[in-house]
Amino acid sequence: MFKKVLIANRGEIALRIHRACQDMGIKTVAVHSKADADAMHVRLADEAVCIGPASATESYLNIQSILAAAEVTGAEAIHPGYGFLSENATFARIVEEHGMVFIGPKPDHITLMGDKITGKKTVEELGIPVVPGSNGAVETTEDAVKASNSMGYPVLIKATAGGGGKGMHVAHNDADVRDKYILTRNEARANFGNDEVFIEKFLGHPRHIEVQILADDYGNVVHLGERDCSVQRRHQKVWEEAPSPVITEKQRHDIGMRCANAMKKLGYRGLGTVEFLYEDGQFFFIEMNTRVQVEHPVTETVTGIDLVREQIRVAAGEALNVTQDDIKINGHAIECRINAEDSETFIPSPGKIDFNHPPGGYGVRVDSAIYTGYRIPPHYDSLIAKLIVWGHDRHECIIRTRRALSEYIISGVNTTIPLHKKISRDEKMVKGDYTIHWLEREFLKK
Ligand code: ADP
């Protein structure tokens, strides 16, 4: 096992990785920007190296500085977390060329799935159903119109390199496609440096359901059930649950095994999330993420498996020590993503936290790197905490989520705790009766 791991990230996920390392007896190296000198992961890590100014391009995305920090401190492996360099195949390759281990999949698999078009083609050939759409990239405006007409409106124009809910636009008619096609290409070029786009049928009432995969280098692959991440705003997840309130044991087994078998054929290693839209009893693949997900704790909570620990173990060349039969779904888990944002306008609210009082008690976990007196810098993502709650069943879990939210105090900045309190009391949420459009089209309009 590694003796020292460098954590190329910040915030709650940096702390999450640090904790997994500590539990495994591994020393940690934190890297940080000048704006993060006081961050909790920097305080707790065994060593810390400042790698640049506040701007992420000059710090958390600065490959040279991160590699230099790893070499100077003698780290044997680099954990990229999520976001930043976590799905950058070039980074993964360079890390390995420098004789260190990238804690993630093989670089070729990152490349394959990082491009949504090749990702979709690959999994389709491996027997996974995909969202109906254009056959590969759409090169001209008129081809976009033709493709849209053949699948029927509305359609979704998507950047193949898109991520984080960005680089996609819905179109309702020919004129709309002409505008949105150009818009999406321009946005994709500016944000992702790749203006290739494709078109999908825009599904009217799907849920977002994703399957967690874990694989080692010896062909052992397991699935850890699904997460339902349908509660979204601007294509970004707000509230996640495991298991999904609408999936049967048989469906879980079928889709899970399909994903596990596909990943086995691919020779995949590490953690992976196979994302689907689920509508009228059918699954349609949208994309695969080749990293640890923000919402991984709900899976940990119901399976009892420390996913970050397993990710580090398989990267170190160890074999899985669980088989599919060992994996049981126990009870229900919910994660509320708490952002430093106004709960109604969603305007970011960086600044000093005057008082932080996280909830506790049986079945309650908080993954967060904030503390009283901490100053949230304005330069990064607004996620400041994840509240993860377990219950014997979904009903108990919702009641406990309400209780935990009522205890949670973060003052000095605005947060989305009030939004979660309302969601947890909504009748449709209680019934589990929601789709990806529910939050924006119904809940927030009330
Ligand atoms: P990203 O990589 O930006 O996260 P995804 O392809 O995973 O993009 O899609 C993010 C979200 O956008 C999905 O969870 C879903 O809510 C919505 N979405 C994506 N594809 C479709 C589609 N074909 N129809 C309807 N909604 C979609």
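It should be emphasised that the depicted structure is a prediction, and the values quoted were computed from it without experimental measurement. (Residues numbered from 1 in each chain as written. Predicted model: local features only at pLDDT ≥ 70, side-chain atom pairs only at ≥ 80, totals over all residues. Heavy atoms only, no water.)

The next point concerns the packing of aromatic side chains. Aromatic rings considered in pairs are described by the distance between their centres and by the relative angle of their planes. This structure, assessed with the given rule, holds 10 aromatic pairs. Ring geometry for F91 against F102: centres 6.0 Å apart, planes inclined by 85°, an arrangement best described as edge-to-face. Of this pair, F91 sits in helix α4 (residues 89–97) while F102 sits in strand β5 (residues 101–102), placing them 11 residues apart in sequence. Of the two residues, F91 and F102, both sit in the buried class. Geometrically, the ring pair formed by Y371 and Y374 is tilted, given 5.3 Å between the ring centres and 50° between the ring planes. Residue Y371 shares its accessibility class with Y374, and that shared class is buried. Put simply, the rings of F276, Y278, F283 and F285 touch in pairs and so form one group of aromatic residues. Between R233 and the ring centre of F346, over which it is positioned, the NZ or CZ distance is 3.7 Å. (Phe/Tyr/Trp six-rings, centres within 6.5 Å; stacked < 30°, edge-to-face > 60°. Helix = DSSP H or I, 4+ residues; strand = E, 2+ residues; numbered from the N terminus. Buried < 20%, exposed > 50% of the residue type's maximum accessible area, 1.4 Å probe, protein only. Lys NZ or Arg CZ within 6 Å of the ring centre and 35° of its normal.)

Our focus in this paragraph is the domain arrangement of the protein. By domain assignment, the protein separates into domain 1 (4–86), domain 2 (132–201) and domain 3 (207–445). Its C-alpha centre places domain 1 at a distance of 23 Å from the equivalent point of domain 3. Between domain 1 and domain 3, the contact holds 29 residues from the first and 25 residues from the second. Of the roughly 2,000 Å² buried between domain 1 and domain 3, counting both surfaces, carbon and sulfur atoms make up 62%. At the boundary of domain 1 and domain 3, one finds 3 salt bridges. Per-element accounting of the side of domain 1 that touches domain 3 gives the leading share, 9 residues, to helix α1 (residues 11–23). Considering only residue class, the side of domain 1 that touches domain 3 consists of 15 nonpolar, 7 polar and 7 charged. (Domains from an automatic or database assignment. Contact = heavy atoms within 4.5 Å. Buried area = accessible area lost by both parts, 1.4 Å probe. Salt bridge = Lys/Arg side-chain N within 4 Å of Asp/Glu carboxyl O. Nonpolar A, V, L, I, M, F, W, Y, C, P; charged D, E, K, R; others polar.)

On any regular strand, side chains alternate: one points to one face of the sheet, the next to the other face. Within strand β2 (residues 27–33), 6 of the 7 residues are buried, which leaves it mostly tucked inside the rest of the structure. Strand direction decides the pairing type here: strand β1 (residues 4–7) and β2, joined by 4 bridges, are parallel. Across the sheet, the residue bridging to I7 is A30, located in β2. For the handedness criterion, the β-α-β arrangement of β1, α1 and β2 is classed as right-handed. (Pairing = 2+ DSSP bridges. Right-handed = clockwise from strand over helix to strand, strands pointing away.)

Of all residues adjacent to the ligand, which total 22 residues, the nearest are K116, G165, H208, Q232 and E287. Here H208 contributes a side-chain N or O atom positioned 2.7 Å from an oxygen atom of the ligand. In the environment of the ligand, an oxygen atom lies 2.6 Å from a nitrogen or oxygen atom belonging to the side chain of Q232. Against a free-state accessible area of 550 Å², the protein chains account for coverage of 95% of the ligand. Counting only elements with at least two residues in the shell around the ligand, the list comes to β6 (155–163), β7 (166–171), β8 (197–201), β12 (270–279) and β13 (282–289). Ranked by residue count, the leading element in the shell around the ligand is β6, at 4 residues. (Near = heavy atom within 4 Å. Polar contact = N/O pair within 3.5 Å; in protein donor to acceptor, adjacent residues only side chain to side chain. Areas by Shrake-Rupley, 256 points an atom, 1.4 Å probe, with all protein chains shown as cover.)

With that settled, the discussion passes to the sheet that holds β2. The sheet built from 5 strands is open, its strands ordered β3-β2-β1-β4-β5 with parallel pairing. The open sheet has two edge strands with one neighbour each: β3 (47–52) and β5. Where β1 and strand β4 (residues 77–79) come together, 3 bridges link them in parallel fashion. Bridging across to β4, L6 finds its partner in I78. Contacts between α1 and the sheet are confined to β1, β2 and β4, with β1 contributing the most and set at about 175° to the helix. (Axes fitted to C-alpha atoms, helices over the stretch in contact; angles between N-to-C directions.)

So, on to helix α12 (residues 394–407). Spanning 14 residues, α12 covers 20 Å between terminal C-alpha atoms, matching the ideal 20 Å at 1.5 Å per step. Within α12 the residues assigned to the buried category are R394, C397, I398, R400, T401, R402, A404 and L405. Residues of α12 that are buried make contact with β11 (236–242), β14 (332–339), β17 (364–368), β19 (383–391), α13 (417–425) and α14 (427–431). Between the side-chain oxygen of the N-cap and the backbone nitrogen of H395 there are 3.3 Å, and the N-cap of α12 in question is D393. (Expected span 1.5 Å × (residues − 1).)

On to the pairing of strand β10 (residues 221–233). With respect to burial, β10 is a largely interior element, 13 of its 13 residues being buried. As judged from the 6 bridges shared by strand β9 (residues 207–215) and β10, these two strands associate in the antiparallel manner. Residue pairing in the sheet places E210 in a bridge with R227 of β10. The loop that links β9 with its antiparallel partner β10 comprises 5 residues; one of these, G219, has a positive phi angle of about 85°. With 4 bridges connecting them, β10 and β11 associate as antiparallel partners. Residue pairing in the sheet places D228 in a bridge with E241 of β11.

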